[in-house]
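# Topology and contacts: notes
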Amino acid sequence: MSLEFLSGLADLPSPIPGLPEGVRYYPGLIGRRRQEVLRVAVAEAVKTAPFYIPRMPRSGKSMSVQMTNMGPLGWLTDKEKGYRYEPRHPVTGAPWPPMPPLLLEMWDWLTAWPAPPEACLVNYYGPHAKMGAHQDRDEEAIDAPVLSVSLGDSARFRLGGLKRSDPSRHLLLHSGDVLILEGPSRMRFHGIERVLGGSSGLLPEGGRINLTLRRVTLA
Ligand code: MD3
Ligand code: FE
């Protein structure tokens, strides 16, 4: 990986124009070699923190996305205790594996937030997985940006407004794309409508991985 990318010597790239304030979308920001670095980092992490099937609060209904985390805190959900952050894997009880240095560098470079991310949620979408419209509101640090990296098959992402009933638009997220949600857009509704099977060769098993970096606690 090149030094200028890691060190902040590189200028900030320009996000694509025409999106609302607080939505920064960088298609193809991460090249193939760094996508492979991240794929290998996730493969390493799941050896100690395997994907598990999250369950919705109260109903206990399974989500179609499989999840794990990297970093000091991980986002979890189960029937009994619902949505929350925890320092340990819900099945193994082990601490989450560390966040890959490349992701920490990307956070510093692209967000310049004064505190590091604490959670990297790893979502795995098989060909039929989706994620319904929701807000990310389980963090204390709601003023901090959220940074998302897409790997593998492309997906149709829906971006709404601050109310569920607000108008929405979609973006096609491809492998290597980076999306940052901050400021007035941090609480927008969003979801993944569908994964386009076979659209990328990055993951040998197919499907899509999304890495979402979040600051959880107030620094
Ligand atoms: C827009 N994941 O895990 S990441 C999630 O692709 C989640 O797996 C999706 O939504 C995925 O919570 C989307 C992109 C994203 C993340 C946070 C946002 C979009 C957002 C916060 C506000 C608005
Ligand atoms: Fe979300």
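In the block above lies the structure referred to throughout.
The present account deals with the structure reproduced in this document. (Residues numbered from 1 in each chain as written. Chains lettered and ligands numbered in written order. Predicted model: local features only at pLDDT ≥ 70, side-chain atom pairs only at ≥ 80, totals over all residues. Heavy atoms only, no water.)

## Some points on the coordination of the iron ion (ligand 2)
Those protein atoms acting as donors to the iron ion (ligand 2) are His134 (NE2), Asp136 (OD) and His190 (NE2), and they sit at 2.0 to 2.2 Å. Look at where the donors of the iron ion (ligand 2) fall in the sequence and you get H-x1-D-x53-H. Taken together, the residues span a long stretch of sequence, with Asp136 in the loop between strand 6 (131-134) and strand 7 (146-152) and His190 in strand 11 (residues 190-195) at a distance of 54 residues. Overall, the relative accessible area of 16% leaves His190 in the buried class. (Donors = N, O, S within 2.8 Å, 3.2 Å for Na, K, Ca; no water. Helix = DSSP H or I, 4+ residues; strand = E, 2+ residues; numbered from the N terminus. Buried < 20%, exposed > 50% of the residue type's maximum accessible area, 1.4 Å probe, protein only.)

## Things to note about the site of ligand 1
In the vicinity of ligand 1 there are 19 residues, among which Asn123, Tyr125, His190, Arg208 and Arg214 approach most closely. Here an oxygen atom of ligand 1 sits 3.0 Å away from a polar atom, N or O, in the side chain of Asn123. His190 is positioned such that a nitrogen or oxygen atom in its side chain is 2.9 Å from an oxygen atom of ligand 1. Look at ligand 1: alone it shows 510 Å² of surface, and the protein chains cover 98% of it. Elements with a minimum of two residues in the shell around ligand 1: strand 5 (119-125), strand 6, strand 7, strand 11 and strand 12 (208-214). Tallied by class, the residues present in the shell around ligand 1 amount to seven nonpolar, seven polar and five charged. (Near = heavy atom within 4 Å. Polar contact = N/O pair within 3.5 Å; in protein donor to acceptor, adjacent residues only side chain to side chain. Areas by Shrake-Rupley, 256 points an atom, 1.4 Å probe, with all protein chains shown as cover. Nonpolar A, V, L, I, M, F, W, Y, C, P; charged D, E, K, R; others polar.)

## Let's talk about the layout of surface pockets
Its volume calculated, the largest pocket comes out at about 800 Å³. As for the largest pocket, its lining consists of 41 residues, of which Met131, Gly132, His134, Asp136 and His190 are closest to the centre. For the lining of the largest pocket, the secondary structure elements donating two or more residues are strand 5, strand 6, strand 7, strand 8 (155-159), strand 10 (178-181), strand 11 and strand 12. Looking at side-chain class alone, the lining of the largest pocket contains 18 nonpolar, 12 polar and 11 charged residues. (1 Å grid on protein atoms, 1.4 Å probe; cavity = no way out; pocket = protein on both sides within 12 Å on 5 of 7 lines; lining within 4 Å. Points joined across faces, edges and corners; volume = space filled by probe spheres on them.)

## What to know about the sheet that holds strand 2 (residues 66-70)
Across the sheet, which stays open at both edges, the six strands sit in the order 1-10-7-12-5-2 with antiparallel pairing between neighbours. The open sheet terminates on both sides in strands that have one partner only, identified here as strand 1 (23-26) and strand 2. Across the sheet, the mean angle separating the axes of adjacent strands is 15° when strand polarity is ignored. In this sheet, strand 5 lies alongside strand 2 in antiparallel orientation, the contact comprising five bridges. Paired with Gln66 across the bridge in strand 5 is Tyr124. Contacts between helix 3 (residues 101-111) and the sheet are confined to strand 1, strand 2, strand 5, strand 7, strand 10 and strand 12, with strand 7 contributing the most and set at about 130° to the helix. (Pairing = 2+ DSSP bridges. Axes fitted to C-alpha atoms, helices over the stretch in contact; angles between N-to-C directions. Contact = heavy atoms within 4.5 Å.)

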